[in-house]
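Notes for the structure review
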Amino acid sequence: MTKPLEGRIALVTGASRGIGYAAAKALAADGAHVIAVARTVGGLEELDDEIHAAGGSATLAPLDLREGELIDRLGGAVAERWGRLDILVGNAGILGELSPMGHQSPQEWDKVLAVNLTANWRLIRSFDTLLRASDAGRALFLTSTVGHRARAYWGAYAVSKAGLEMMVRTYADELGGTAVRVNLLNPGATRTAMRAQAMPGEDPATLPAPDAICPAILRMVSPAWQSTGEVLNVRDRVA
Ligand code: NDP
């Protein structure tokens, strides 16, 4: 039986652990060839082993997303090998420090904005032509409730997600008349390293595992998905 994403090319950032790892595995299980991006080679290799063991295929791209030229180079390599990108999942993110606005460290501020916002812009910049070259280009970016609802102490992280949401919605608005659909997904509290860092007192066993979000991700990157420029909450609208 043909798999739903057979022959499609999917790039996932932050694929070395957490939600990105689960999403990459799910995309590969549905037949997509996954380009897995993150810095931790061990995590990417583990993912590669799991994907291959399940009969799928992946290309590993170990890189730091703060280095925009490496993203450009990856875009060039994808253009040369496939000439298009069908699915982009902009998932990589960092929390930074939770502290009052007046106490945020400038270094941490820059780092959070670089990974959560600027790197996603560089991805859009490098892969725009390739998404348009697909018959149904789909880009999905991971956001958070604090990106659209102010919550004290979430600092640079909240600001980066607010910026991401507007950037992605602006990009979606520019794509009218094309086959590309671009959206944001708020996964809600999920059992990952980032969540444990944000909520050290919480029992992780009370949270859904990253796999629980994958059905929503798969739906939102499928050729059948038509909405664009939306911020969707996994708990109430997509799952
Ligand atoms: P994790 O901390 O578990 O994973 C983050 C991923 O991002 C890792 O694979 C990490 O890889 C990658 N990453 C971080 N910095 C860089 C970098 N400079 N270059 C390349 N890759 C990088 O986070 P989650 O899985 O929890 O989060 C995934 C997304 O979901 C994030 O955008 C987050 O904001 C969002 N989200 C998560 C929630 C949750 O409850 N977990 C709730 C709301 C939103 P490596 O370190 O190997 O580079």
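A brief look at the structure comes next. What you are looking at is a predicted structure, and each value in this text was computed from that prediction instead of being measured. (Residues numbered from 1 in each chain as written. Predicted model: local features only at pLDDT ≥ 70, side-chain atom pairs only at ≥ 80, totals over all residues. Heavy atoms only, no water.)

Turning next to unusual backbone geometry. Its identity as a non-glycine residue notwithstanding, Tyr153 has a phi of 80 degrees, on the positive side. A relative accessible area of 51% means that Tyr153 is categorised as exposed. (Buried < 20%, exposed > 50% of the residue type's maximum accessible area, 1.4 Å probe, protein only.)

Lining the immediate surroundings of the ligand are 31 residues, of which Arg39, Thr40, Asn91, Tyr157 and Thr192 lie closest. Ser16 places a polar side-chain atom, nitrogen or oxygen, 2.8 Å from an oxygen atom of the ligand. A distance of 2.7 Å separates an oxygen atom of the ligand from a polar atom in the side chain of Arg39. For the ligand, whose unbound accessible area comes to 890 Å², protein coverage reaches 96%. Of all the secondary-structure elements, those providing two or more residues to the shell around the ligand are helix H1 (18-29), helix H5 (155-174) and helix H6 (193-198). Here the element with the most residues in the shell around the ligand is H6; it accounts for 3 residues. (Near = heavy atom within 4 Å. Polar contact = N/O pair within 3.5 Å; in protein donor to acceptor, adjacent residues only side chain to side chain. Areas by Shrake-Rupley, 256 points an atom, 1.4 Å probe, with all protein chains shown as cover. Helix = DSSP H or I, 4+ residues; strand = E, 2+ residues; numbered from the N terminus.)

Time to look at the pairing of strand S1 (residues 9-13). Where burial is concerned, most of S1 is hidden: 5 out of the 5 residues are buried. Burial along S1 is two-sided: Ile9, Leu11 and Thr13 facing one way and Ala10 and Val12 facing the other are all buried. For the crossover from S1 across H1 to strand S2 (residues 33-38), the handedness is right-handed. Sheet topology places S1 next to strand S4 (residues 87-90); 3 bridges connect them, and they run parallel. Across the sheet, the residue bridging to Val12 is Val89, located in S4. (Right-handed = clockwise from strand over helix to strand, strands pointing away. Pairing = 2+ DSSP bridges.)

Attention now goes to helix H3 (residues 68-81). Over its 14 residues, H3 runs 20 Å from end to end, which matches the ideal 20 Å to within 8%, given 1.5 Å per residue. Taken together, the buried positions of H3 are Gly68, Ile71, Leu74, Gly75 and Val78. Axial view of H3: buried residues confined to an arc of 110 degrees, hence all on one face. Every exposed residue of H3 that faces more than 90 degrees away from the buried side is listed here: Glu69, Arg73, Glu80 and Arg81. Two residues or fewer after H3 comes Gly83, characterised by a positive phi angle close to 75 degrees. (Expected span 1.5 Å × (residues − 1). Arc of directions from axis to C-beta.)

Further remarks concern the sheet that holds strand S5 (residues 138-142). One open sheet holds the 7 strands; their spatial order is S3-S2-S1-S4-S5-S6-S7, and the pairing between them is parallel. Of all strands in the sheet, those with a lone pairing partner are strand S3 (57-62) and strand S7 (231-233), marking the two edges. With direction set aside, neighbouring strand axes in the sheet form an average angle of 20 degrees. One ladder, built from 4 bridges, connects S4 with S5; its direction is parallel. From the neighbouring strand, Gly90 faces S5, where its bridge partner is Phe141. Taken strand by strand, H1 contacts S1, S2, S4 and S5, and its axis lies near 170 degrees from that of S1. Of the strands in this sheet, S2 and S3 are in contact with helix H2 (residues 41-53), which crosses S3 at around 175 degrees. (Axes fitted to C-alpha atoms, helices over the stretch in contact; angles between N-to-C directions. Contact = heavy atoms within 4.5 Å.)

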